[in-house]
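Spelled out, the chains give:
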Amino acid sequence: MSDEAKTQRQAFYELIDTRSCTPLWEVLHGLVPKTPATPCVPHHWTWDTMWPFLQRAGQLISAEEAERRVLVLENPGLRGQSRITHSLYAGLQLILPGEVAPPHRHSQSAMRFILQGQGAYTAVGGRRITMTEGDFIITPSWSFHDHGNPSDSPMVWLDGLDVPIVELFDAQFREDGEGQPTTAIGDGTENLAEFGLSMKPVEYKAPTRTSPLWWFPYDRSREALQKLAGTREPHACWGHKLQYVNPATGGWPMPTIGTFLQLLPAGFHGKPYRSTDATVYAVREGTGVCEVGGKEFAFGPKDIFVCPSWAPYSLRADSEAVLFSFSDRPAQQSLDIWREQLG
Ligand code: 1HN
């Protein structure tokens, strides 16, 4: 191209720029790359690092004052944005004996995976679910929720929310919950009785796509995985892996966040796998290694690590390992954009 043509183009770009306009041909390939381009990088937060930080946070601020005492897990490629992946938020929440976190509700959907402690509760719509290690609990969009810890030990859980997705759509709402029942009007065992046994009340009609079962106790899921591991060969990539479901629809528990629990037998050496949903892992039991993006994360209980979109990763287990994970897979599938590749 001649210097004159270059100068003319540049002058044209500057002219249209003054009217909030820009040439597509200068940005097209950045907008539609050949394969996913993400600022999200693989990362590993070990419990050994995070537990002292949480304890210190517990000395510095109360749950009441903080509203939620959470250390946000920020992806190193997305610092300052409160994101663990491009589309999801995650944090570690500490609630000490005797503390309460006040009620509020928001349009963002939330999930918790209990890392440490037992006997603290989360109340959804006034129903108190008493939680224990390994439990997975959901807080549906726009439902009032508060937490409390009447037990004598600290509780820590992993929070996962679709904050960045709701932000993308500019559909964020929050309301504080003064006047909401903070005392129990029921408990999680009722919720399990209604929806936790592959049955539902005959009059129940699903008003939304969010699961009416909020509590998925660990002992049941763990037992299921143990049974599978004793009766069949593990999948070459992911061992024995179950996804949590909305029992009323068979779909995902939440419209934006999918959750999984998998067992890797001792000595398991998984083949590489990749998918377009960046995935956050929380180690429940055992030790092993995740190889992703040229890094090796040697993981142990209560560690968190993240595998970005479309980065091949493989999982190994030294001792029998159980991993919880979550991703935006339901959101991608409802948009018909989700892809995976095995091996
Ligand atoms: C939230 O409501 C909780 O209720 C935890 O425990 C973390 C992060 C962002 C926005 C809302 C909770 C949150 C959150």
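Enquirer: What should I look at first to understand the overall build of the protein in this one?
Expert: Helices and strands together make up the secondary structure of the protein, namely eight helices and 23 strands. Here the C-alpha radius of gyration of the protein, 22 Å, is about what a compact globule of 343 residues would show, namely 20 Å. Taken along the three principal axes of its C-alpha coordinates, the protein extends 75 × 50 × 50 Å. Accessible surface computed for the protein: about 16,600 Å², of which carbon and sulfur atoms make up 54%. Separation of charge centres in the protein, based on 30 positive and 39 negative side chains, amounts to 5 Å.

Enquirer: When you look at unusual backbone geometry in this model, what are you seeing that I'm missing?
Expert: Most peptide bonds take the trans configuration, and most residues that are not glycine carry a negative phi. The backbone of S20 shows a phi angle near 55°, a positive value even though the residue is not glycine. Mapped onto the fold, S20 is located in the loop between helix 1 (3-17) and helix 2 (28-31). Taking relative accessible area as the criterion, S20 reaches 76% and is therefore assigned exposed.

Enquirer: What exactly am I supposed to notice about the site of the ligand here?
Expert: In the neighbourhood of the ligand, the contacting residues comprise R68, Y89, Q93, H104, H106, R112, H145, H147, D159 and L161. For the ligand, an oxygen atom lies 3.0 Å from a polar atom in the side chain of Q93. Contacts to the ligand include R112, whose side-chain N or O atom sits 3.2 Å from an oxygen atom. Burial of the ligand by the protein chains amounts to 84% of its free accessible area of 330 Å².

Enquirer: Can you help me understand the sheet that holds strand 4 (residues 100-106) in this one?
Expert: To summarise the sheet geometry, strands pair through backbone hydrogen bonds and adopt either a parallel or an antiparallel arrangement. One open sheet accounts for six strands, arranged 11-4-9-6-7-12; its pairing is mixed. The two strands at the open ends of the sheet, each matched to only one other strand, are strand 11 (174-176) and strand 12 (186-187). Relative to strand 9 (residues 145-148), strand 6 (residues 118-124) runs antiparallel, the two being bridged by four bridges. From the neighbouring strand, V124 faces strand 9, where its bridge partner is H145.

Enquirer: Is there a simple way to explain the nonpolar core in this structure?
Expert: In summary, soluble globular proteins display a tendency toward joint burial of nonpolar side chains. Ranked by internal contacts, the top residues of the largest apolar core, which has 53 residues, are L115, F136, L158, I304, F324 and F326. Apart from the residues within four sequence positions on either side, F326 is in contact with L88, Y89, A90, M111, L158, G160, I257, G258, T259, A278, T279 and V280. Core analysis: the next-biggest nonpolar cluster, separate from the first, contains 18 residues, V283, F297, F299 and A321 among them.

Enquirer: What should I look at first to understand the environment of I61 in this one?
Expert: Looking at the element boundaries, I61 is found in the loop between helix 3 (47-60) and helix 4 (63-66). The residues touching I61, leaving out its near neighbours within four places in the chain, are A66 and R69.

Enquirer: Please clarify how the environment of C21 should be interpreted in this entry.
Expert: In this structure, C21 sits in the loop between helix 1 and helix 2. On the basis of relative accessible area, C21 is assigned to the partly exposed category, the value being 37%. For the pair formed by C21 and V156, sequence separation is 135 residues and the distance between their alpha carbons is 49 Å.

Enquirer: Would you mind showing me how to read helix 6 (residues 188-195) here?
Expert: In an α-helix, one full turn covers 3.6 residues, which means residues spaced three or four apart are oriented alike. Restricting attention to buried positions, one finds in helix 6 the residues G188, N191, L192 and F195. Taken down its axis, helix 6 places every buried residue within 100° of arc, on the same side. In this fold, the buried residues of helix 6 make contact with strand 7 (127-132), strand 12, strand 13 (215-216) and helix 7 (218-231).

Enquirer: For this particular structure, what's the right way to read helix 3?
Expert: If you check helix 3, its first and last C-alpha atoms are 20 Å apart, about what 14 residues at 1.5 Å a residue would give, namely 20 Å. Taken as a whole, helix 3 has its buried residues at W47, M50, W51, L54, A57 and G58. The buried residues of helix 3 occupy an angular sector of 125° when the element is viewed end-on, so they sit on one face. For helix 3, exposure combined with an orientation more than 90 degrees from the buried face picks out D48, Q59 and L60. If you follow the buried residues of helix 3, they end up packed against strand 1 (43-45), strand 2 (70-72), strand 3 (89-95), strand 5 (110-116) and strand 10 (155-161).

Enquirer: I'm lost on the pattern of salt bridges in this one. Help?
Expert: Opposite charge on two side chains allows them to pair when their charged atoms are near. Enumeration over the complete set of coordinates arrives at 14 salt bridges. In this structure, E99 and R69 form a salt bridge, with 2.6 Å as the shortest nitrogen-oxygen distance. Taken together, the residues span a long stretch of sequence, with E99 in the loop between strand 3 and strand 4 and R69 in the loop between helix 4 and strand 2 at a distance of 30 residues. The salt bridge partner of E285 is R222, with a shortest N-O separation of 2.7 Å. Linking E285 in strand 17 (residues 279-285) with R222 in helix 7, this pair joins segments that are 63 residues apart in sequence. A relative accessible area of 22% means that E285 is categorised as partly exposed. Looking at R222, the relative accessible area reads 14%, which means it is buried.

Enquirer: Please explain the pairing of strand 17 as it appears in this structure.
Expert: Looking down a regular strand, the side chains alternate between one sheet face and the other. The buried fraction of strand 17 is high, at six of seven residues. Note: strand 17 against strand 20 (residues 304-307), four bridges, orientation antiparallel. Its bridge partner being in strand 20, Y281 is matched across the sheet by F305. Pairing of strand 17 with strand 22 (residues 321-327) involves six bridges; the strand directions are antiparallel. Among the inter-strand pairings, T279 is bridged to a residue of strand 22, identified as S327.

Parameters and conventions
Residues numbered from 1 in each chain as written. Predicted model: local features only at pLDDT ≥ 70, side-chain atom pairs only at ≥ 80, totals over all residues. Heavy atoms only, no water. Helix = DSSP H or I, 4+ residues; strand = E, 2+ residues; numbered from the N terminus. Rg over C-alpha atoms; globule rule 2.2 N^0.38 Å. Areas by Shrake-Rupley, 256 points an atom, 1.4 Å probe, with all protein chains shown as cover. Lys, Arg positive; Asp, Glu negative; His and termini not counted. Charge placed at Lys NZ, Arg CZ, Asp CG, Glu CD. Buried < 20%, exposed > 50% of the residue type's maximum accessible area, 1.4 Å probe, protein only. Near = heavy atom within 4 Å. Polar contact = N/O pair within 3.5 Å; in protein donor to acceptor, adjacent residues only side chain to side chain. Pairing = 2+ DSSP bridges. Core = buried A, V, L, I, M, F, W, Y, C linked by side-chain atoms within 4.5 Å. Contact = heavy atoms within 4.5 Å. Arc of directions from axis to C-beta. Expected span 1.5 Å × (residues − 1). Salt bridge = Lys/Arg side-chain N within 4 Å of Asp/Glu carboxyl O.

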